[in-house]
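# Architecture at a glance
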Amino acid sequence: MKTNPITKSLHLLPAAVAIALLGASPAHASILFTIESVGATSPSTDNSFEVDLTNTGGDVTIDAFSFGLMVGTTDITFTSATIDTTVNPYIFAGNSLFGPVISTTSPGQTVLASDLWGGAGDGFTVGAGTSVGLGEVFFDVGPGASPGPDTVSFVSADDSLSDIDGDPIPIDGESSGTITVAGGTSTTPEPSTLLLLSLPLALLVWTRKRHS
């Protein structure tokens, strides 16, 4: 039995509509927050690293952002955040509401930083495949810091993006960084210290030999 051409077309219609809708849907932005890994000496002040945003999807227009960071040692203290990024251009360069120092919390092992678009128009559009800076974060390292890497992580509850209407923009991933401390407290005595420690023992041995 032959199939009615009209009936056959009706069966194919839903699939054709679905394909057309998929083809017409806009590309979804895919946003990644990252923390730069850096080194520092102990003790030291005014060290810094940068926090970046990378968009691997479609264009997205951002009007405001915030990010929270934490470090698991009291030897490292976050102090402030500014717009002076160099790895990638600052997201609101020339249009920062708070710059050059963006809004930050009190110094400590956590920091919350944020900024708003301060220019005319609807915010800054981050194109596909583009990376921008969200801030340069400054920190101090205490004199007793242990050598080695310390992880700097995002506080997800404090991380946000929003558009001109205040609606949230999803953040699809977060990548931690490290602060690798050089110097600091050493468990191995210096050669001069070993020499001083050995003098009393050598004197004791010499005294016993003399009286034997």
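To start, this report covers the structure provided alongside it. (Residues numbered from 1 in each chain as written. Predicted model: local features only at pLDDT ≥ 70, side-chain atom pairs only at ≥ 80, totals over all residues. Heavy atoms only, no water.)

## Quick word on the overall build of the chain
Formally: The helix count covers DSSP runs of H or I at least four residues long, the strand count covers runs of E at least two residues long, and both are numbered beginning at the N terminus. Each residue is assigned to one of three classes by its accessible area relative to the maximum for its type, calculated with a 1.4 Å probe on protein chains only: buried under 20%, partly exposed between the two thresholds, exposed over 50%. Between two residues, a contact is recorded if the distance between any of their heavy atoms is within 4.5 Å. Computed with a 1.4 Å probe, the accessible areas rest on the Shrake-Rupley method; for each residue, only the protein chains presented here act as cover.
Along its length, the chain carries two helices and 14 strands. Evaluated residue by residue, the chain yields a buried proportion of 33% over its 212 residues. Across the chain, contacts joining residues at least 24 apart in sequence account for 80% of those joining residues at least 6 apart. Looking at the chain as shown, the accessible area adds up to about 12200 Å², and 61% of this sits on carbon and sulfur atoms.

## A word on the sheet that holds strand 6 (residues 76-82)
In plain terms, the rule: Pairing between strands is defined by DSSP: at least two bridges between the two strands are required. Working convention: axes come from line fits to C-alpha atoms, limited for helices to the stretch in contact. Angles between N-to-C directions cover 0 to 180 degrees.
Strand order in this open sheet of five strands is 6-10-3-1-13, and the pairing throughout is mixed. Single-partner strands in this sheet number two, and they are strand 6 and strand 13 (173-175). Taken over all neighbouring pairs, the strand axes of this sheet differ in orientation by 25 degrees on average, direction set aside. Where strand 1 (residues 31-35) and strand 13 come together, three bridges link them in parallel fashion. By the bridge assignment, threonine 34 is partnered in strand 13 with serine 175.

## Examining unusual backbone geometry
Cis geometry is adopted by the peptide bond preceding proline 43, which originates at serine 42 and carries an omega value of -5 degrees. With respect to the helices and strands, the residue proline 43 is situated in the loop between strand 2 (38-42) and strand 3 (44-55). Of note, the amide linkage connecting glycine 99 to proline 100 takes the cis form, showing an omega dihedral of 5 degrees. Along the polypeptide, proline 100 turns up in the loop between strand 6 and strand 7 (103-104). The backbone of aspartate 46 shows a phi angle near 60 degrees, a positive value even though the residue is not glycine. Position of aspartate 46 relative to the elements: it lies in strand 3. Given the relative accessible area of 59%, aspartate 46 is considered exposed.

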